[in-house]
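# Fold and geometry: a report
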Amino acid sequence: TTVPSIVLADGKAIPALGFGVFQVPDDQTRDAVSTALQAGYRSIDTAKIYGNEAGVGQAIAESGINREDLYITTKLWNDDQGYESTLAAFDASLERLGLDYLDLYLIHWPVPSQDLYVDTFKAFQKLKADGRVRSIGVSNFTVDNLERVIGETGEVPVLNQIELHPKFNQSELRAFHTGKGIATEAWSPLGQGTLLTDPVITAIADAHGVTAAQVVIRWHLQIGNVVIPKSVTPSRIKENFDVFGFALTPDEINAIGSLDDPAGRIGPNPAVFG
Ligand code: NAD
């Protein structure tokens, strides 16, 4: 299976489907990532705060896959924001991952109360200029946060990783991203599993002879998102990758889009978190 790529504004390509490891304990991460790499995933999404960069690194080292064929993302945690502390945190993450460059580095949360995300992004620019990271982006940024980074650094983050699933589909933020050439990456793309019994989704799954998780992943891909579902169950890891043998119709895409709910957010609100 060849996973389609999305070309970022800096010219680099990111696989549209990757594997997330939030809440996977470090000692289980090596096995989960090894299973994912064997299933065909080449993009892995971790973060310093997940405490499992070392497990990701072990699975990469054991995989025998060429570094250039992998796409590795990690994230800077909130208490490491600031110019010098960002440079140090990056070195520590790369060391735990056992890598000599990173594909994508993200500011995990804006934390507006700290007011350090602009300085942090300036450190990201330095890391990119030094060739240590290929692409630099953000996570959980609002329109206001993005406009401020763009205005004060002159550089557009290439990607914003945000909570996004059928019950919280972020249509306004996605439209803003499109206007600025920012790629949208969906976290908790399956609503942490809570969406998978929704009757609209299960009816579409039955019509295609696929699972509800496969329908939701397919929806993300067809609306242009980068998507990073998580599982530690080998059969589900494989199932979530097996989404290239069917396509949703425009009516089905619209029906899933209509599940959007103003109360659908699962995670923290970035305007006040941190
Ligand atoms: P998710 O939406 O990917 O849901 C994962 C859960 O769904 C699993 O634990 C399991 O319970 C269920 N599931 C997965 N596959 C299934 C299947 N085929 N059938 C039935 N149930 C299935 O949730 P997530 O882990 O929160 O999000 C995915 C990734 O996004 C994370 O691992 C992480 O990498 C990233 N993330 C980022 C942030 C951020 O702030 N940037 C926050 C949360 C998650």
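Residues numbered from 1 in each chain as written. Predicted model: local features only at pLDDT ≥ 70, side-chain atom pairs only at ≥ 80, totals over all residues.

## Comments concerning helix H4 (residues 117-129)
The first and last C-alpha atoms of H4 sit 18 Å apart over 13 residues, in line with the 18 Å expected at 1.5 Å per residue. Within the sequence span of H4, burial applies to Tyr117, Thr120, Phe121, Ala123 and Phe124. Along the axis of H4, the buried residues cluster in a sector spanning 155°; they form a single face. Turning to H4, the residues buried within the fold contact strand S5 (71-76), helix H3 (83-97), strand S6 (102-107), strand S7 (133-139) and helix H5 (143-153). Looking one or two places after H4, you find glycine 131, whose phi comes out positive at around 80°. (Helix = DSSP H or I, 4+ residues; strand = E, 2+ residues; numbered from the N terminus. Expected span 1.5 Å × (residues − 1). Buried ≥ 20, exposed ≤ 12 C-beta atoms within 10 Å, placed from the backbone. Arc of directions from axis to C-beta. Contact = placed C-beta atoms within 7 Å.)

## Structural notes on the site of the ligand
Looking at the ligand, there are 26 residues lining it, with Gly20, Phe22, Gly193, Ala213 and Lys230 nearest. Here the element with the most residues in the shell around the ligand is helix H9 (residues 234-241); it accounts for three residues. Looking at the shell around the ligand residue by residue, the classes come out as nine nonpolar, 13 polar and four charged. (Near = placed C-beta within 6 Å. Nonpolar A, V, L, I, M, F, W, Y, C, P; charged D, E, K, R; others polar.)

## Regarding the nonpolar core
Membership of the largest hydrophobic core comes to 72 residues, with the highest contact counts inside it found for Val21, Val33, Tyr105, Val216 and Val227. The element best represented in this core is helix H8 (residues 212-222), accounting for seven residues. Not counting the four nearest positions on each side in its chain, valine 227 is found in contact with Ala16, Leu17, Ala186, Pro189, Ile217, His220 and Leu221. (Core = buried A, V, L, I, M, F, W, Y, C linked by C-beta atoms within 7 Å.)

## Digging into the pairing of S6
Across the six residues of S6, six count as buried, placing the element largely inside the fold. Two elements, S5 and S6, share four bridges in a ladder whose sense is parallel. The residue of S6 that forms the bridge with lysine 75 is leucine 106. Handedness of the β-α-β unit built from S5, H3 and S6 comes out right-handed. (Pairing = 2+ DSSP bridges. Right-handed = clockwise from strand over helix to strand, strands pointing away.)

## Quick notes on the environment of glutamate 62
Structurally, the position occupied by glutamate 62 is in helix H2 (residues 53-63). Its 12 C-beta neighbours within 10 Å are what place glutamate 62 among the exposed residues. C-alpha of glutamate 62 to C-alpha of leucine 94: the two residues are 32 residues apart in sequence and 17 Å apart in space.

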